[in-house]
Amino acid sequence: MNNTMLKPLAMLMPFLLAAFALNAPLAGAADDNAKKDAPKAALTVTTTKPSAARLPITLTANGNVTAWQEASIGSESNGLRLTDIKVNVGDVVRKGEVLATFSADIVNADVAQARAAVMEAEANAAEAAANAARARTLESTGALSAQQISQYMTAEQTAKARIASARAQLAAQELRLKYTQVVAPDSGVISARSATASVGSVVGTGTELFRMIRQGRLEWRAEVTAADLPKIRTGASAIVKAANGSELAGKVRTVAPTVDPQSRYALVYVDLPAPRGAEASAFKAGMFASGRFELGTSDAMTVPQQAVVVRDGFSYVFRLNADKRVSKVKVQAGRRLSDRIEILGGIDNATPVVVSGAGFLNDGDLVNNVTAAAILPAPAPAQASAKTAKAK
């Protein structure tokens, strides 16, 4: 290039430099505008991946709490007057304890008469035995005929039989005297008292006076569907929950051999221990209670409860994509344990899901993902100063 061509370029250089200097601020402003127009993150969130855990296998059911066995305590004396009642509904009694007494005046007289009859029979038997003995000694002499000897022998046997009969009558009267006291057949709790069990009333044999829950034991009769029935085995653990929230642990005693053709439910009988303290007021025979059967454990894929969002009756999680946007994924929730929920389907164990802030997101939102420690609140000034003073 010769000097003739360079001379015009040299003359234009100051103008080019000035134009560049003028356009430089305009380019910076354009970059700032581009940054301002860039999409902003809707929320700062934390994410996690599903983790494996072993969760208990449970089966929930409802049913009635009833008495394990209820004993009917009645009168065994006929036509006697009730003189005293020693217990009432709710009382705890022991086996052999006297519950009520009947008038024993008539029975005592009958016992005395029976004893006199025994004594009379024994005296007659002694005389008959003496006559029979003399007859045996004279049998070889021929002083008595064979018929007379046989009569003495028969009289001896008859006298012995009358003794046995009189003693049986005495035993019966003594038994009647024993029945004038109504005693508890077993330890337990008095659950009901008949209207006829009042002082002064005359009751017949077999009239029920009291009902008792034997040993104070209760049982839960859980209603289980026919489909779930094979899962339950004898000896399985069960937790029964009362209306006030109290829980009582029991064991499956037996499973009913039949299913109700109307309701399609079968009964599972769960033995409950005798309630103590606060449980005694929470669990009563005849009440309705819910519960669950514990059938072991199994592997499960879980996420924090905070990650699952329920909308329109369905469960969702928000999956974090590579472009920092989230996608709403419908999942099937299963069992719960503490603050974690089992996920049965919809995602796999490598899917990152949003934990904190999931309830405020919508499908396609742009988020800023940080670690959980980065969003923890700073300590209060008083706490911070206290920690500094302690360090010094």
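Residues numbered from 1 in each chain as written. Predicted model: local features only at pLDDT ≥ 70, side-chain atom pairs only at ≥ 80, totals over all residues. Heavy atoms only, no water.

## Re the pairing of strand β14 (residues 247–255)
Then comes step 1: Alignment of strand β13 (residues 237–241) against β14, held across five bridges, turns out to be antiparallel. Bridged to Lys241 within β14 is Glu247.
Then comes step 2: Hairpin geometry of β13 and β14 is characterised by an intervening segment of five residues between the two adjacent antiparallel strands and by a positive phi of about 95° at Gly245. (Pairing = 2+ DSSP bridges. Helix = DSSP H or I, 4+ residues; strand = E, 2+ residues; numbered from the N terminus.)

## Observations regarding unusual backbone geometry
With the exception of glycine, the majority of residues adopt a negative phi angle, and the majority of peptide bonds are in the trans configuration.
Then comes step 1: If you check the backbone angles, Asp312 has positive phi at about 55° while not being a glycine.
Then comes step 2: Mapped onto the fold, Asp312 is located in the loop between β17 (309–311) and β18 (314–320).
Then comes step 3: Phi at Ser338 takes a positive value of approximately 60°, unusual for a residue other than glycine.
Then comes step 4: Structurally, Ser338 can be placed in the loop between β19 (326–337) and β20 (340–345).

## Focus: the environment of Ser237
Then comes step 1: Note on placement: Ser237 falls in strand β13.
Then comes step 2: A relative accessible area of 23% places Ser237 in the partly exposed class.
Then comes step 3: Leaving out residues up to four positions away in the same chain, Ser237 has contacts with Gly250, Lys251, Arg292, Phe293 and Glu294.
Then comes step 4: A distance of 3.1 Å separates polar atoms of two side chains, one belonging to Ser237 and the other to Lys251. (Buried < 20%, exposed > 50% of the residue type's maximum accessible area, 1.4 Å probe, protein only. Contact = heavy atoms within 4.5 Å. Polar contact = N/O pair within 3.5 Å; in protein donor to acceptor, adjacent residues only side chain to side chain.)

## As for the sheet that holds strand β4 (residues 70–74)
Hydrogen bonds between backbone groups are what pair the strands of a sheet, and the pairing can be parallel or antiparallel.
Then comes step 1: Strand order in the open sheet formed by four strands is β4-β11-β9-β6, with antiparallel pairing between adjacent strands. If you trace the sheet from one side to the other, it starts and ends with β4 and β6 (92–93), each paired once.
Then comes step 2: The sheet contact formed by strand β9 (residues 188–193) and strand β11 (residues 208–214) spans five bridges and is antiparallel. Each residue of the ladder has a partner; that of Val189, found in β11, is Ile213.

## Things to note about the nonpolar core
Then comes step 1: Residues Val93, Leu99, Phe102, Ile190 and Phe210 are the most contacted members of the largest nonpolar core, which totals 29 residues.
Then comes step 2: Going through the elements one at a time, β4, β5 (80–85), β7 (98–102), α2 (105–137), α3 (146–178) and β11 are the ones with two or more residues in this core.
Then comes step 3: Ranked by residues supplied to this core, first place goes to α2 with seven residues.
Then comes step 4: Residue contacts for Phe210: discarding those within four places in its chain leaves Ala71, Ser72, Ile73, Ile85, Val87, Leu99, Ala100, Ile190, Ala192 and Arg193.
Then comes step 5: Membership of the second largest hydrophobic core comes to 24 residues, among which are Val252, Val268, Phe283 and Phe293. (Core = buried A, V, L, I, M, F, W, Y, C linked by side-chain atoms within 4.5 Å.)

## A short note on the layout of surface pockets
Then comes step 1: Taken as a whole, the second largest pocket encloses approximately 180 Å³ of empty space.
Then comes step 2: Listed by contribution, the elements that provide at least two residues to the lining of the second largest pocket are β4 and β8 (181–183).
Then comes step 3: Of the residues belonging to the lining of the second largest pocket, the class tally is four nonpolar, two polar and two charged. (1 Å grid on protein atoms, 1.4 Å probe; cavity = no way out; pocket = protein on both sides within 12 Å on 5 of 7 lines; lining within 4 Å. Points joined across faces, edges and corners; volume = space filled by probe spheres on them. Nonpolar A, V, L, I, M, F, W, Y, C, P; charged D, E, K, R; others polar.)

## Observations concerning the environment of Thr44
Then comes step 1: Looking at the secondary structure, you find Thr44 in strand β1 (residues 43–45).
Then comes step 2: Separated by 325 residues in sequence, Thr44 and Asn369 have C-alpha atoms that sit 5.9 Å apart.

## Observations regarding the side chain of Glu219
Then comes step 1: Considering the arrangement of structural elements, one finds Glu219 in strand β12 (residues 218–225).
Then comes step 2: Among the polar contacts listed, one links the side chain of Glu219 to the side chain of Arg221, at a separation of 2.7 Å.
Then comes step 3: A polar contact of 2.8 Å, which involves the side chain of Glu219, links it to the side chain of Arg253.
Then comes step 4: For Glu219, the residues in contact, after removing those within four places along its chain, are Asn64, Val65, Thr66, Ala67, Trp68, Arg253, Tyr269, Val270, Asp271 and Leu272.

## Side note on the sheet that holds strand β10 (residues 202–203)
Then comes step 1: In spatial order, the strands read β8-β7-β5-β10; together these four strands make up an open sheet with antiparallel pairing. Across the chains shown, the open sheet's two edge strands, defined by having one partner strand only, are β8 and β10.
Then comes step 2: Here two bridges tie β5 to β10, and the two strands are oriented antiparallel to one another. Paired with Leu80 across the strands is Val203, a residue of β10.

## Points about the pairing of strand β16 (residues 288–304)
Looking down a regular strand, the side chains alternate between one sheet face and the other.
Then comes step 1: Two strands pair when backbone bridges link them, and strand β3 (residues 51–67) and β16 are joined in this way by 13 bridges, in the antiparallel orientation. Across the sheet, residue Thr60 finds its bridge partner in β16, namely Arg292.
Then comes step 2: With five bridges joining them, β13 and β16 adopt antiparallel strand pairing. Its bridge partner being in β16, Ser237 is matched across the sheet by Glu294.
Then comes step 3: As judged from the three bridges shared by β16 and β20, these two strands associate in the antiparallel manner.

Spatial relationships are all this shows, so hold off on functional conclusions.
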